[in-house]
Amino acid sequence: TFNLSFSKYIGKNVTLSDDGEYYCGEYISGRYYSGIFEGSFYKSDGIYFKVDNQMIKMDVSTKITFNE
């Protein structure tokens, strides 16, 4: 893995969220994470943000907000 260009935000509070959506007629609820940003990483299956020691996979619909 390697760190991406979000490194200047390490140590700041970040909020990650995805809206809910319907998939094949079934509703999938949205995701919401908030905590201290610890870095962004590329893995073979996508880009991840590490928040409060938890690896969270990014999606095209993920909203990223840094609270400075």
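Right, let's walk through the structure included here. (Residues numbered from 1 in each chain as written. Predicted model: local features only at pLDDT ≥ 70, side-chain atom pairs only at ≥ 80, totals over all residues. Heavy atoms only, no water.)

### Quick look at the nonpolar core
Consideration 1: Counting residues in each nonpolar core, the largest one holds nine residues, listed as Tyr-9, Val-14, Leu-16, Phe-37, Phe-49, Val-51, Ile-56, Met-58 and Phe-66.
Consideration 2: Those residues in contact with Val-14 that lie beyond four places of it in its chain are Tyr-33, Ser-34, Gly-35, Phe-37, Val-51, Ile-64, Thr-65 and Phe-66. (Core = buried A, V, L, I, M, F, W, Y, C linked by side-chain atoms within 4.5 Å. Buried < 20%, exposed > 50% of the residue type's maximum accessible area, 1.4 Å probe, protein only. Contact = heavy atoms within 4.5 Å.)

### Points about the packing of aromatic side chains
Consideration 1: Scanning the model with the defined rule gives six aromatic pairs in all.
Consideration 2: With centroids separated by 4.0 Å and ring planes inclined at 10 degrees, the aromatic side chains of Tyr-9 and Phe-66 adopt a geometry described as stacked. In this pair, Tyr-9 sits in the segment before β1 (13–18) while Phe-66 sits in strand β7 (residues 63–67), placing the two residues 57 residues apart along the sequence.
Consideration 3: The exposure class of Tyr-9 is buried, given its relative accessible area of 18%.
Consideration 4: With a centroid separation of 5.3 Å and 80 degrees between ring planes, the pair formed by Phe-37 and Phe-66 is classed as edge-to-face. Highlighted residues: Phe-37 in strand β4 (residues 31–43) and Phe-66 in strand β7, separated in sequence by 29 residues.
Consideration 5: Accessibility expressed as a relative area gives 17% for Phe-66, which makes it buried.
Consideration 6: Taken together, the aromatic side chains of Phe-6, Tyr-9, Phe-37, Phe-49 and Phe-66 make up a single cluster linked through ring pairs.
Consideration 7: Note that Lys-43 overlies the ring of Tyr-48, its terminal NZ or CZ placed 5.0 Å from the centroid. (Phe/Tyr/Trp six-rings, centres within 6.5 Å; stacked < 30°, edge-to-face > 60°. Helix = DSSP H or I, 4+ residues; strand = E, 2+ residues; numbered from the N terminus. Lys NZ or Arg CZ within 6 Å of the ring centre and 35° of its normal.)

### Regarding the pattern of salt bridges
Consideration 1: For the structure shown, the criterion picks out two salt bridges.
Consideration 2: When the shortest N-O distance is used, the salt bridge between Asp-18 and Arg-31 registers 2.5 Å. Taken as a pair, Asp-18 in strand β1 and Arg-31 in strand β4 lie far apart in primary sequence, 13 residues in all.
Consideration 3: Among the residues examined, Asp-18 registers a relative accessible area of 10% and is labelled buried. (Salt bridge = Lys/Arg side-chain N within 4 Å of Asp/Glu carboxyl O.)

### Points about the environment of Ile-36
Consideration 1: Mapped onto the elements of the fold, Ile-36 is located in strand β4.
Consideration 2: Residues in contact with Ile-36, not counting those within four places in the same chain, are Gly-11, Lys-12, Asn-13, Lys-50, Val-51 and Asp-52.

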